[in-house]
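Now for the letters of each chain:
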Amino acid sequence: MQTPWDHRYAQRTQRMGSSAIRELLKLTEKPDLISFAGGLPAPDVFPLEEFKAACIKVLDQFGPQSLQYSATEGYLPLREQICRHTNRYGISINTENVMITSGSQQALDLLGKIFINPGDRILVESPTYLGALQAWNAYGAEYVSVPSDKDGMVTDALEEALRYGPKFVYVLPNFQNPTGVTLSLERRHQLVELADRYGVPIVEDDPYGQLRFEGDHLPSIVVLDGQYRGNHDHCYRGNVIYLSTFSKTLSPGIRLAWVVAPPEVIRKLVQAKQGADLHTATFNQIVAHEVSRGGFLDQHIKLIRRVYKERRDAMLAAMDRYFPPEVDWTQPQGGLFLWGSLPENLDSKDVLKQAIERNVAFVPGEPFYPNGGGHNTMRINFSNASTEMISEGIARLGEVLYEKIKNT
Ligand SMILES: Cc1ncc(COP(=O)(O)O)c(C=O)c1O
């Protein structure tokens, strides 16, 4: 529908339109619907008591300072804590390498702001995180997509894609959103080396790395890059911009995340952030630092892993039991999501319409493909429903899928 405002909007808003799928997902806001659509962490593991105690302590101890404006780079003790956490994994960084952001989503937007000119190409896995596409579409990004399989981004296809001269490579190495797949160690090394050879930076988005339920921890790309080029004087000056967040370990509502990058990139991001929001909420930063210190966060993450593993197991078992044999799905070793593939002749948007009638929902996969495709794919979240709800929801979805396959 046209409005009198339309001709006033900047050109960059043209790719911000609301999608058919978002309209469909509005229908999922029914009370008795079992939703596997969102990417919400389980609210039952939010550390409410610890937050309550920390809020009171911070107000008592810090007084007005906790409610005051503060540095754009972020609260220094929190940045120091992030350095200690990062340094445990075999890379040596200092606080000049770290900036706090209001969620990783803000970091993605700021990266768009400092790097992307209209028409610039970004190399992405296909499918990839929708929120990054939404952030970068507004800056006029185009995408070169590289397919992924059960070991993540197919690095054999990467070299060809790098020849298009992308501004950077965007990769989600651990329990990727949307597929739940993890980039293998061999491919991580290949990615670091190829990106270096072609002089293309890497943006590593890692909200889920801590949420591994099984298998060995794999070094992140920034760590491998630091080792590859030799990381001296406790400062990282390599080729990777690393993003992570407290959203999936403490709480998404506090909007707290961080970037690790070479100091000059951090300085540019700080300038961009000043124009966006001056700084991330002072109170939230001090409270999160208070909650997570003294080993609490490590302990808490163990609880989250246990709960999510149970839910993942319940979902995989229910899929084995209730899904038709024509449907495939990934087996994530961590994170929040798995990814289903239906027979080619099915469209997951049609399946969703019918699923909503049966009070169950998921996200159709198409929007995660920046250059089209994926009409027969679906993202299914397992973190935000009890094991009983998961079993019931997957049984309902299984019925819909059997019917669709029979009638299409
Ligand atoms: C891959 C990825 N990047 C970034 C984000 C945004 O996270 P935050 O809550 O820190 O903004 C998400 C959230 O789900 C995500 O899955």
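Residues numbered from 1 in each chain as written. Predicted model: local features only at pLDDT ≥ 70, side-chain atom pairs only at ≥ 80, totals over all residues. Heavy atoms only, no water.

## Describing the side chain of glutamine 81
Note the threshold: Strands here mean DSSP runs of E at least two residues long; helices mean DSSP runs of H or I at least four residues long; both are numbered from the N terminus. It only takes one pair of heavy atoms within 4.5 Å for two residues to be counted as in contact.
Mapping glutamine 81 onto the fold places it in helix H3 (residues 76-87). Setting aside residues no more than four positions away along its own chain, glutamine 81 makes contact with His289, Ser292 and Arg293.

## Section: the pairing of strand E6 (residues 168-171)
As a reminder, the rule being used: We call a residue buried when its accessible area falls under 20% of the maximum for its residue type, exposed when it is over 50%, and partly exposed in between, using a 1.4 Å probe and counting protein chains only. DSSP-based pairing: two strands are paired if at least 2 bridges between them are found. By convention, orient the strands away from the viewer: a clockwise path from the first strand over the helix to the second makes the crossover right-handed.
Along E6, one buried face is formed by Phe168 and Tyr170 and the opposite face, lined by Val169 and Val171, is buried too. The pairing of strand E3 (residues 121-126) with E6 spans 3 bridges and is parallel. Bridging across to E6, valine 124 finds its partner in tyrosine 170. Bridge count for E6 against strand E7 (residues 202-205) is 3 bridges, and the pairing is parallel. Bridge pairing in E7 places tyrosine 170 opposite valine 203. With helix H7 (residues 185-198) bridging E6 and the parallel E7, this β-α-β connection has right-handed handedness.

## Quick notes on the site of the ligand
Applicable threshold: We call a residue near a molecule or strand as soon as one heavy atom of that residue lies within 4 Å of the molecule or strand. Within 3.5 Å is the distance limit for a polar contact, defined as a pair of N or O atoms, with the added protein rule that one can donate a hydrogen and the other accept it, and that residues adjacent in sequence qualify only through two side-chain atoms. Note on areas: Shrake-Rupley, 1.4 Å probe, and residue coverage restricted to the protein chains presented here. Both site types are read off a 1 Å grid over the protein atoms alone. A 1.4 Å probe that fits but cannot get out defines a cavity, while an open set with protein on both sides within 12 Å along at least five of seven lines defines a pocket; lining residues have an atom within 4 Å of a point. Assignment to a cavity or pocket requires that more than half of a molecule's atoms be within 2 Å of the site's grid points. Polar here means any residue outside two lists: the nonpolar Ala, Val, Leu, Ile, Met, Phe, Trp, Tyr, Cys and Pro, and the charged Asp, Glu, Lys and Arg; Gly therefore counts as polar.
Looking at the ligand, there are 13 residues lining it, with Ser104, Asp205, Tyr208, Thr245 and Ser247 nearest. The contact in question runs from an oxygen atom of the ligand to an N or O atom on the backbone of serine 104, over 2.7 Å. In the model, an oxygen atom of the ligand is placed 2.5 Å from a nitrogen or oxygen of the tyrosine 208 side chain. Protein burial of the ligand: of its 390 Å² of free accessible surface, 92% is covered by the chains. A majority-of-atoms criterion places the ligand in the largest pocket. Per element, the largest residue contribution to the shell around the ligand is 3 residues, and it comes from helix H4 (residues 103-115). Residue composition of the shell around the ligand, by class: 4 nonpolar, 6 polar and 3 charged.

## Concerning the sheet that holds E3
By definition, the strands of a sheet pair up through backbone hydrogen bonds, in either a parallel or an antiparallel sense. Reading across from one edge, E2-E9-E8-E7-E6-E3-E4-E5 is the order of the 8 strands in this open sheet, with mixed pairing throughout. Of all strands in the sheet, those with a lone pairing partner are strand E2 (98-101) and strand E5 (152-153), marking the two edges. Of the strand pairs in this sheet, strand E4 (residues 142-149) and E5 are connected by 2 bridges, and their pairing is antiparallel. Paired with serine 148 across the bridge in E5 is methionine 153.

## Some details on the pairing of E4
In the sheet, E3 pairs with E4 via 6 bridges, with the strands oriented parallel. Residue serine 126 lies in a different strand from E4, and its bridge partner there is proline 147. In this region the chain leaves E3, passes through helix H5 (residues 130-137) and returns to the parallel neighbour E4; the handedness of that crossover is right-handed. Counting the residues in the hairpin turn of E4 and E5 gives 2 residues.

## Re the layout of surface pockets
For clarity, the cut-off: Grid points are joined across faces, edges and corners, and a volume is the space filled by probe spheres set on the points.
By volume, the largest pocket amounts to about 1200 Å³. Among the secondary structure elements, those contributing two or more residues to the lining of the largest pocket are helix H1 (20-26), H4, H5 and strand E14 (377-381). Sort the elements by how many residues they give to the lining of the largest pocket and H5 lands first, with 5 residues. Classifying every residue of the lining of the largest pocket by side-chain character gives 20 nonpolar, 19 polar and 7 charged. By volume, the second largest pocket is sized at about 320 Å³.

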